[in-house]
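# Secondary and tertiary structure notes
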Amino acid sequence: MTGMQLEPEDERILAGEEGETRQKMLELLIALGKVFGAQRLVEIKSAQVSGASYKTIGKYGLEWLTSLDAKAVVPAVLNPIGMPRGRWEEMGIDPAFARDQQAVIAAYERLGIRLDCTCTPYYLYSTGYGEHLAWSESSAVSYVNSVIGARTNREGGPGALAAALIGKTPCYGLHLEHNRGPQVIVSVQADTRDWGIADYGALGYHAGKLVGNRVPYFRGIMPDADQLKSLGAAMAATGAVALYHVEGVTPEAVKIPFDLNGLEAIAVEPEEIKTLFNEIPVEAVAVGCPHCSPAELAEIARLLNGKIVTKPLYVFAAQGVIDRNARVVDSIEKSGARVFADTCMVVSPVMEQYASIMVNSGKALAYVPNMCGGRARIGTIEDCIRVATE
Ligand code: F3S
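Computed from a predicted model, the values in this text were never measured in an experiment.

Per the stated rule, a full pass over the model turns up 20 salt bridges. With a shortest N-O distance of 2.8 Å, Glu9 and Lys168 are connected by a salt bridge. Of this pair, Glu9 sits in helix H1 (residues 8–14) while Lys168 is found in strand S6 (residues 168–170), placing the two residues 159 residues apart along the sequence. For Lys168, a relative accessible area of 6% translates into the label buried. Ionic pairing is found between Lys24 and Glu27, a salt bridge with its closest N-O pair at 4.0 Å. With a gap of 3 residues between them, Lys24 and Glu27 both fall in helix H2 (residues 20–35), about one helical turn apart. The exposure class of Glu27 is partly exposed, given its relative accessible area of 34%. Several salt bridges share partner residues, and in doing so they unite Arg87, Glu90, Glu333 and Arg338 into one network.

Within this structure, the stated rule accounts for 1 cavity of 30 Å³ or more. Around the largest cavity sit Ile197, Asp226, Lys229, Ser230, Gly288, Cys289, Pro290, Glu296 and Asn360, which together line it. Looking at the lining of the largest cavity, the element that brings in the most residues is helix H8 (residues 225–238), giving 3 residues. Of the residues belonging to the lining of the largest cavity, the class tally is 3 nonpolar, 3 polar and 3 charged.

Turning to unusual backbone geometry, a few remarks are in order. A cis geometry characterises the amide bond from Cys289 onward to Pro290, with omega recorded as -10°. Within the secondary structure, Pro290 sits in the loop between strand S11 (284–287) and helix H11 (294–304). In this structure, Asp342 is a non-glycine residue whose phi angle is positive, near 75°. With respect to the helices, strands and loops of the structure, Asp342 is situated in the loop between strand S13 (338–340) and strand S14 (356–359). By relative accessible area, which is 2% here, Asp342 ends up buried.

The next subject is the packing of aromatic side chains. Both the distance between ring centres and the angle between the ring planes are used here to describe each pair of aromatic rings. A complete count under the given rule lists 10 aromatic pairs for this structure. Seen in terms of ring centroids, Phe218 and Tyr244 are 6.3 Å apart; in terms of plane orientation they differ by 90°. Their pairing is edge-to-face. Placement of the pair is Phe218 in strand S8 (residues 216–219) and Tyr244 in the loop between H8 and strand S9 (245–246), with a sequence separation of 26 residues. Between Tyr314 and Phe316, the aromatic rings sit 6.2 Å apart at their centres with planes inclined by 0°, giving stacked as the arrangement. Accessibility classification places Tyr314 together with Phe316 in one group, the buried group.

The subject of this paragraph is the side chain of Thr389. With respect to the element layout, Thr389 can be found in helix H15 (residues 381–389). Ignoring sequence-local partners within four residues, the contact set of Thr389 consists of Leu304, Lys307, Ile308, Val309 and Thr310.

Looking now at the sheet that holds strand S12 (residues 313–316). Strands sit in the order S13-S12-S11-S14-S15 across an open sheet of 5 strands; the sheet is parallel. Here the strands that pair on one side only, and so sit at the sheet edges, are S13 and strand S15 (375–378). For this sheet, the mean angle separating the axes of adjacent strands, direction not counted, is 25°.

Turning next to the side chain of Lys311. With respect to the secondary-structure elements, Lys311 resides in the loop between H11 and S12. Salt bridges are absent for the buried Lys311, whose nearest opposite-charge side chain, Glu390, sits at 4.5 Å. At 3.2 Å, the side chain of Lys311 and the backbone oxygen of Val387 are in polar contact. The residues contacting Lys311, other than those within four sequence positions of it, are Val282, Glu283, Ala284, Val285, Val387 and Ala388.

What the 4 strands build is an open sheet, ordered S9-S8-S7-S10; its pairing is parallel. The open sheet terminates on both sides in strands that have one partner only, identified here as S9 and strand S10 (264–268). Relative to S10, strand S7 (residues 184–188) is paired through 5 bridges, and the arrangement is parallel. Residue pairing across strands places Ile185 opposite Ala265, the latter belonging to S10. Of the strands in this sheet, S7, S8 and S10 are in contact with helix H7 (residues 197–211), which crosses S10 at around 150°.

Our next topic: the site of the ligand. Inspection of the region around the ligand gives Pro80, Cys119, Glu137, Ser139, Gly288, Cys289, Pro290, Cys344, Val346 and Lys363 as its neighbouring residues. Among the cavities detected, the one that contains the ligand is the largest pocket. By residue class, the composition of the shell around the ligand is 6 nonpolar, 2 polar and 2 charged.

This next bit is on H2. Counted at 1.5 Å a residue, the expected span for H2 with its 16 residues is 22 Å, and the 23 Å between its end C-alpha atoms agrees. Turning to H2, its buried residues are Thr21, Arg22, Gln23, Met25, Leu26, Leu29, Ile30 and Gly33. Where H2 is buried, its residues touch H1, strand S1 (41–43), helix H3 (54–66), helix H6 (157–166) and S6. Following H2 by one or two positions, Gly37 adopts a phi angle in the positive range, close to 75°.

So, how was this worked out
- Residues numbered from 1 in each chain as written.
- Predicted model: local features only at pLDDT ≥ 70, side-chain atom pairs only at ≥ 80, totals over all residues.
- Heavy atoms only, no water.
- Salt bridge = Lys/Arg side-chain N within 4 Å of Asp/Glu carboxyl O.
- Helix = DSSP H or I, 4+ residues; strand = E, 2+ residues; numbered from the N terminus.
- Buried < 20%, exposed > 50% of the residue type's maximum accessible area, 1.4 Å probe, protein only.
- 1 Å grid on protein atoms, 1.4 Å probe; cavity = no way out; pocket = protein on both sides within 12 Å on 5 of 7 lines; lining within 4 Å.
- Points joined across faces, edges and corners; volume = space filled by probe spheres on them.
- Nonpolar A, V, L, I, M, F, W, Y, C, P; charged D, E, K, R; others polar.
- Phe/Tyr/Trp six-rings, centres within 6.5 Å; stacked < 30°, edge-to-face > 60°.
- Contact = heavy atoms within 4.5 Å.
- Pairing = 2+ DSSP bridges.
- Axes fitted to C-alpha atoms, helices over the stretch in contact; angles between N-to-C directions.
- Lys, Arg positive; Asp, Glu negative; His and termini not counted.
- Polar contact = N/O pair within 3.5 Å; in protein donor to acceptor, adjacent residues only side chain to side chain.
- Near = heavy atom within 4 Å.
- Sits in = over half its atoms within 2 Å of the grid points.
- Expected span 1.5 Å × (residues − 1).

The following block contains the structure:
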């Protein structure tokens with residue numbers, strides 16, 4: 001007895017007729033579903049699997065992965081790993097780490113996971129409103145739920161991998177419409193007309209601490225898609241926000257007449273955001289958290305035009321986005337900056353060599369100190385490029 005409604009195909013998998021790995025993976029999904037009160041499994045369109053950097057999963061994670069024997073049945077990609085697959089030597093990655101990281105990649109490839117290692121798979125594969133997914137990286141989860149209107153909980157690495165191999169996930173939490181409504185109103189009391197990506201990252205950094213794991217409904221802002229990406233990534237880092245709405249902007253806020261009566265309302269003042277923009281000296285600059293969009297790459301290229309970097313400038317983006325914007329990437333690299341795929345300033349061990357890093361991301365501002373050991377400074381993209389080239 002599972003306590004969950006199962007299809008005949010699920011019963012066959014549970015009986016071990018499709019191999020031990022699929023049996024164990026379905027058992028894992030059912031166990032997760034029981035914990036969270038799911039009544040059934042739901043078919044998913046895609047999965048995004050975290051636990052891909054050797055820095056985070058280590059020897060035991062790799063052993064577990066290599067013990068599995070099944071293939072993904074839906075499109076599934078990986079989270080960023082500890083190094084760019086093609087240019088790890090150029091990034092200064094230790095060969096021993098590279099060997100272990102390549103073993104992790106090989107294990108996932110054997111399981112049929114696509115080797116796009118990115119937190120922005122929505123730039124590579126089309127994802128639609130209302131689709132059920134099993135994604136795990138917090139900023140990707142926030143983006144697809146909030147900006148696209150797809151439906152995913154924030155999966156752990158094993159849960160997302162199990163979903164990729166079975167093609168289903170337990171139907172609870174954000175898969176259910178009644179859990180997707182606003183739980184707190186955040187009113188931004190600032191003139192945001194000139195705000196850029198870093199300002200929205202700083203807002204997310206601040207708001208995440210205020211709202212915790214509730215679904216916020218923002219008023220007083222009009223962010224574009226890249227700014228929404230930055231806002232959501234930071235809120236997922238300092239809070240546990242997997243879904244948010246922005247009045248008049250995000251799809252569910254536009255389509256669904258949410259009942260906001262009786263919700264707590266929090267006001268955010270401009271000074272609370274400004275104070276996050278400190279001016280500590282930095283040893284390196286890193287942008288692309290979450291991984292850059294084509295528009296962000298174009299903006300970086302424009303700002304770098306005719307300049308040479310005087311300190312390391314790292315730019316991170318998905319390999320597919322880099323490939324489709326090769327001329328822009330070449331133009332960025334003419335300055336001495338490097339555009340790396342597959343990894344980022346938080347999961348790559350290379351960033352640990354710097355005592356302080358400048359970023360234009362609220363999420364990186366939150367994670368760099370703990371994950372890389374250095375201090376972090378947030379600035380606009382214009383300031384990041386100025387500091388990298390002055
Ligand atoms: Fe992506 Fe790394 Fe930032 S995974 S969201 S670039 S911390």
